[in-house]
Amino acid sequence: MNTTTSGPTGGPPPQITSNPLTLRRQLLFWCGALIVLIGLLWLLGDVLMPFVAGMVLAYLLDPLVRAVQRLGFNRALASVLVVLIFVVVIVTALVLLLPILADQLAGLAARIPEYVERLRQLINEQSQGWLGQYINEKLPEAQKSAGTVAAAAAGWAGTVLGSILSGGRALVSVLSLVIITPIVAFYLLLDWPRMLQTIDSCIPVPHRETVRGLAREMDRAIAGFVRGQAIVCTILGTFYAIALMAIGVNFGLLIGITAGLLGFAPYVGTISGFLLAVGVATAQFWPDWTMPALAAGIFLIGQFVEGNILQPQLVGKEIGLHPVWLMFSLIAFAYLFGFVGLLVAVPVAAAIGVLVRFLVRQYLASPYYTGGQPG
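Residues numbered from 1 in each chain as written. Predicted model: local features only at pLDDT ≥ 70, side-chain atom pairs only at ≥ 80, totals over all residues. Heavy atoms only, no water.

(A) Expanded view of a nonpolar patch on the surface. Taken together, the side chains of Leu 71, Phe 73, Leu 77, Val 80, Leu 81, Leu 84, Ile 85, Phe 86, Val 89, Ile 90, Leu 94 and Leu 98 present a nonpolar region at the surface, about 1000 Å² in accessible area. With respect to the element layout, Ile 90 can be found in helix H3 (residues 75-126). By relative accessible area, Ile 90 is classed as partly exposed at 36%. (Patch = residues over 30% accessible without salt bridge, like charges linked within 9 Å, V, L, I, M, F, W, Y side chains within 5 Å. Areas by Shrake-Rupley, 256 points an atom, 1.4 Å probe, with all protein chains shown as cover. Salt bridge = Lys/Arg side-chain N within 4 Å of Asp/Glu carboxyl O. Helix = DSSP H or I, 4+ residues; strand = E, 2+ residues; numbered from the N terminus. Buried < 20%, exposed > 50% of the residue type's maximum accessible area, 1.4 Å probe, protein only.)

(B) Broad picture of empty space enclosed by the protein. Tallied over the full model, the rule gives one cavity of 30 Å³ or more. Around the largest cavity, the lining comprises 13 residues; the ones closest to its centre are Leu 236, Ala 259, Gly 263, Thr 270 and Glu 306. Secondary-structure elements contributing two or more residues to the lining of the largest cavity are helix H6 (208-246), helix H7 (252-262) and helix H8 (268-285). Ranked by residue count, the leading element in the lining of the largest cavity is H6, at five residues. In the lining of the largest cavity, the residues fall into seven nonpolar, five polar and one charged. (1 Å grid on protein atoms, 1.4 Å probe; cavity = no way out; pocket = protein on both sides within 12 Å on 5 of 7 lines; lining within 4 Å. Points joined across faces, edges and corners; volume = space filled by probe spheres on them. Nonpolar A, V, L, I, M, F, W, Y, C, P; charged D, E, K, R; others polar.)

(C) Representation of the environment of Ile 331 within the structure. In this fold, Ile 331 is placed in helix H10 (residues 323-364). Spatially, the C-alpha atom of Ile 331 lies 8.6 Å from that of Ala 345, the residues being 14 residues apart in sequence.

(D) Representation of unusual backbone geometry. Phi at Phe 251 is positive, roughly 60°, even though this residue is not glycine. Checked against the element boundaries, Phe 251 lands in the loop between H6 and H7.

(E) Expanded view of the packing of H6 against H7. Running from N to C, H6 and H7 point in directions that differ by 160°, and their axes come no closer than 7 Å. By the angle between their axes, H6 is roughly antiparallel relative to H7. Judged by the twist between their axes, the crossing of H6 over H7 is right-handed. From H6, Cys 233, Gly 237, Tyr 240, Ala 241, Leu 244 and Met 245 reach across to H7, where they touch Gly 252, Leu 253, Ile 255, Gly 256, Ile 257, Ala 259 and Gly 260. Among the residues making up the contact of H6 with H7, the classes are represented as nine nonpolar, four polar and no charged. (Axes fitted to C-alpha atoms, helices over the stretch in contact; angles between N-to-C directions. Parallel < 35°, antiparallel > 145°, perpendicular 65-115°, else oblique. Left-handed = near helix turned anticlockwise from the far one by under 90°. Contact = heavy atoms within 4.5 Å.)

(F) Examining the confidence of the model for the chain more closely. Per-residue confidence for the chain averages 75 on the pLDDT scale, and 74% of its residues sit at or above 70. Looking at the elements of the chain, mean pLDDT is at its lowest for strand E1 (residues 2-3), recorded as 40, and at its highest for H7, recorded as 88. Predicted confidence is poor over residues 1-18, with pLDDT under 50, and the contacts of this stretch with residues over four places away or in other chains come to 30 contacts. Every residue in residues 156-171 scores below 50 in pLDDT, and together they form seven contacts with partners more than four places removed in sequence or on other chains. (pLDDT = per-residue confidence, 0-100.)

(G) Region of interest: H8. Under the 1.5 Å per step criterion, the end-to-end length of H8 is 25 Å for 18 residues, consistent within 8% with the ideal 26 Å. Residues of H8 that are buried: Gly 269, Thr 270, Gly 273, Ala 277, Val 278, Val 280, Ala 281, Thr 282 and Ala 283. (Expected span 1.5 Å × (residues − 1).)

(H) Layout of H10. Across its 42 residues, H10 extends only 25 Å between first and last C-alpha, which sits more than 12% below the 62 Å expected from 1.5 Å per residue. In H10, a bend of some 145° at Phe 337 exceeds every other bend along the element. (Bend = angle between axes of the 7 residues up to and from the residue.)

(I) Inspection of the pattern of salt bridges at higher detail. All told, the structure shown has seven salt bridges when counted by the stated rule. For Asp 62, the salt bridge is made with Arg 66, and the minimal N-O distance between the two is 2.9 Å. On the criterion of helical spacing, the pair formed by Asp 62 and Arg 66 is a turn pair, its members being four residues apart in helix H2 (residues 45-69). A residue is classified by how much of its surface remains accessible, and Asp 62, at 6% relative accessible area, is buried. Of the charged contacts in the structure, one is a salt bridge between Arg 75 and Asp 62, with a shortest N-O distance of 2.7 Å. Of this pair, Arg 75 sits in helix H3 while Asp 62 is found in helix H2, placing the two residues 13 residues apart along the sequence. Exposure remark for Arg 75: the relative accessible area of 11% places this residue in the buried category. The structure contains a network of salt bridges with shared partners spanning Asp 62, Arg 66 and Arg 75.

Printed below as a string of structure tokens:
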């Protein structure tokens, strides 16, 4: 006997089998598939990186390819045009921004001790009593630590560049990411409808509607967050960078772009960018308090626009990804599997969330929960 529950978006829910033996077999199969996937990521992470990146890129660009097709182009030509435009935009942005960002990163790293000392002096001037004495005692230690961090950051760019130029494995990884990823993305985009049809035809007929319903729910969660949040991060990073440079904050481009990139994890980009921008503006402009206030206002405006306009319109509220679960997934997968883990963290987190909700719905509709009584 099949039972149903309300669908996640109000539409027809997936048909859920209540046969314990069938459910047990399904769970064993998917657990085994998950173990195999984790093993492949663990063993072949460096090799899989350009292919996983290509899959992610193809998934992100597929709506654009379909939009170009609606203009009258065939699938192959639409895929070529979209991939070429994407590559040209990314390469142009890297050529224009990387030298500036590298210079600002080195400059910020070199001036961190100066900024810390400046802030210490400001606190010393403004603070009285035991709190001021405590802060003044602790800030020299912070300055020393900041100097260590600054020295490490200053050498980071050179170390990375040196490893790319001299390290064979690193060079192969970078070249494969730059060259192979667009090629993989193109072929996946070209065959995307055929692949989906093939996968759909391989689903066991009795469970086809259930799997289709789960796949649609996963796609809504992944597409709603990944595609939408990528646009949000781009808009906010551009706004922060332009606004900070407009008011004259040192390293405004670096701070803005960093805040935009970190914005993929909820609140991390805004908080990091806010603290960094206000700290630099304070050390740079004090006793003129208007510039630190303007820097703070920029991020408050960005947070308001993100929460009230960009997120509802581009990401949506019902993506099924709690911020804490998302941040944990990003950190855990990046720690375990490196850059490949970072790429698959959001899709896997979304898929796990959908499957957990599916199992909860099934449990609530099962005799184990109802005691044999109708739900």
